[in-house]
Amino acid sequence: MEPKIKMCTRKLDFFYDTFQALCDISLDFHEYKSTALIGPSGCGKSTYLKCLNRMNELIPKTKITGDVKLNDDIIYSSDVDVVSLRRKVGMVFQKPNPFPKTIFDNVAYGPIINGEKNKSKLTEIVEKSLKQAAIWDEVKDRLNNNALELSGGQQQRLCIARALAVNPEVLLMDEPASALDPIATQKIEELINELKKKLTIIIVTHNMQQAARVSDRTAFFYMGKLIEVNDTDTLFTNPALKQTEDYITGRFG
């Protein structure tokens, strides 16, 4: 059975003022799968990722054409509520960015903003989200401590818990382990493999080995274009294009 397409872009172009950063990108993301976006620095991976939850709209003088769909709905429609969209399409950034609040308040923030006032329900959501982010055992006795006291790896898992607390359908991850040490990175990778059983994951990574370990499909970007996309194993062992092979084997980029 063909996997369900959870999200997709069709003929997507993106401009910073007069500079075209993305050109004609059509790409599918399957439900309960993780897709890695790879390519050299400045090739458009992070820009593309931010198109998927309208994050680029916060930047002045940008323009987007083409379609981005979530569950067949066009997310750039004028009637789409952006707050609601970002609840469905969560995002974790390269550098951990916990709020200067308690661990509990960090995770409860999204549900509270969305109207949840019941303290016992919030406690339940916080515990569940921290467990899903594989950090509960490390923080359960200090939920009232400031989140900024956590290590970098713990802060990143806290940010993942914060994103999970509002029950997203898709999780965007922009190089979530690039600022972390190898042990923390391994925890994040194990977490990604666990989370994709419940949601769709799209991850930007510079690290080929990481893409191979955590993704079902891999898309190779170069100079704002999608060069090749395939199952991760196929793309890494038998790429269709020489350009992809040259990048994977380290001949450029």
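Residues numbered from 1 in each chain as written. Predicted model: local features only at pLDDT ≥ 70, side-chain atom pairs only at ≥ 80, totals over all residues. Heavy atoms only, no water.

A. A look at helix H3 (residues 103-113). Of all the residues in H3, the buried ones are Ile103, Phe104, Asn106, Val107, Ala108, Gly110 and Pro111. Tucked inside the fold, the buried residues of H3 contact helix H4 (119-132), helix H5 (136-139) and helix H6 (152-164). Where H3 ends, the next residue or the one after it, glycine 115, has phi of about 100 degrees, a positive value. (Buried < 20%, exposed > 50% of the residue type's maximum accessible area, 1.4 Å probe, protein only. Helix = DSSP H or I, 4+ residues; strand = E, 2+ residues; numbered from the N terminus. Contact = heavy atoms within 4.5 Å.)

B. Spatial organisation of the sheet that holds strand E4 (residues 62-70). Within the open sheet, the four strands sit side by side as E2-E1-E4-E5. Their pairing is antiparallel. Pairing within the sheet leaves two strands with one partner each, and these edge strands are strand E2 (19-30) and strand E5 (73-74). Bridge analysis of strand E1 (residues 5-16) against E4 gives eight bridges, and the strand direction is antiparallel. What sits directly across from cysteine 8, in E4, is lysine 69. (Pairing = 2+ DSSP bridges.)

C. Quick peek at the state of the cysteines. Per the stated rule, a full pass over the model turns up zero disulfides. Residue cysteine 23 stays outside any disulfide, its sulfur separated by 13 Å from that of cysteine 51, the closest cysteine. Its relative accessible area of 28% is what places cysteine 23 among the partly exposed residues. (Disulfide = S-S within 2.5 Å.)

D. Spatial organisation of the nonpolar core. Counting residues in each nonpolar core, the largest one holds 44 residues, and the members touching the most others are Ile38, Ile103, Leu130, Ile160, Leu171 and Met173. In terms of nonpolar packing, the next biggest core, distinct from the first, is built from 26 residues, Met7, Ala21, Leu70 and Val170 among them. (Core = buried A, V, L, I, M, F, W, Y, C linked by side-chain atoms within 4.5 Å.)

E. Local environment of the packing of H6 against helix H7 (residues 182-195). Running from amino to carboxyl end, H6 crosses H7 at an angle of 20 degrees, the nearest separation of the two axes being 9 Å. Taken together, H6 and H7 sit at an angle that is classed as roughly parallel. As H6 packs across H7, the resulting crossing turns out to be right-handed. When H6 is examined against H7, the residues Gly153, Gln156, Arg157, Ile160 and Leu164 are found in contact with a partner set consisting of Ala184, Lys187, Ile188, Leu191 and Leu195. Among the residues forming the contact of H6 with H7, the class breakdown is six nonpolar, two polar and two charged. (Axes fitted to C-alpha atoms, helices over the stretch in contact; angles between N-to-C directions. Parallel < 35°, antiparallel > 145°, perpendicular 65-115°, else oblique. Left-handed = near helix turned anticlockwise from the far one by under 90°. Nonpolar A, V, L, I, M, F, W, Y, C, P; charged D, E, K, R; others polar.)

F. How the structure looks around the packing of aromatic side chains. Scanning the entire structure with this criterion turns up five aromatic pairs. Here the aromatic rings of tyrosine 48 and phenylalanine 221 are separated by 5.3 Å at their centres, their planes lie at 50 degrees, and the arrangement is tilted. Of this pair, tyrosine 48 sits in helix H1 (residues 45-51) while phenylalanine 221 sits in strand E9 (residues 217-222), and the two are 173 residues apart along the sequence. An identical accessibility class is assigned to tyrosine 48 and phenylalanine 221; each is buried. Geometrically, the ring pair formed by phenylalanine 220 and tyrosine 247 is stacked, given 5.0 Å between the ring centres and 20 degrees between the ring planes. Within this pair, whereas phenylalanine 220 is found in strand E9, its partner tyrosine 247 is found in helix H10 (residues 242-248), the two being separated by 27 residues in sequence. The pair formed by phenylalanine 220 and tyrosine 247 is uniform in burial state, with each residue classed as buried. Aromatic ring contacts, followed pair by pair, group Phe29, Tyr48 and Phe221 into a single cluster. Sitting over the ring of phenylalanine 104, lysine 119 keeps its end group 5.0 Å from the ring centre. The cationic tip of arginine 162 hangs over the ring face of phenylalanine 99; the distance from NZ or CZ to the ring centre is 4.1 Å. (Phe/Tyr/Trp six-rings, centres within 6.5 Å; stacked < 30°, edge-to-face > 60°. Lys NZ or Arg CZ within 6 Å of the ring centre and 35° of its normal.)

The values are spatial; any link to function lies outside them.
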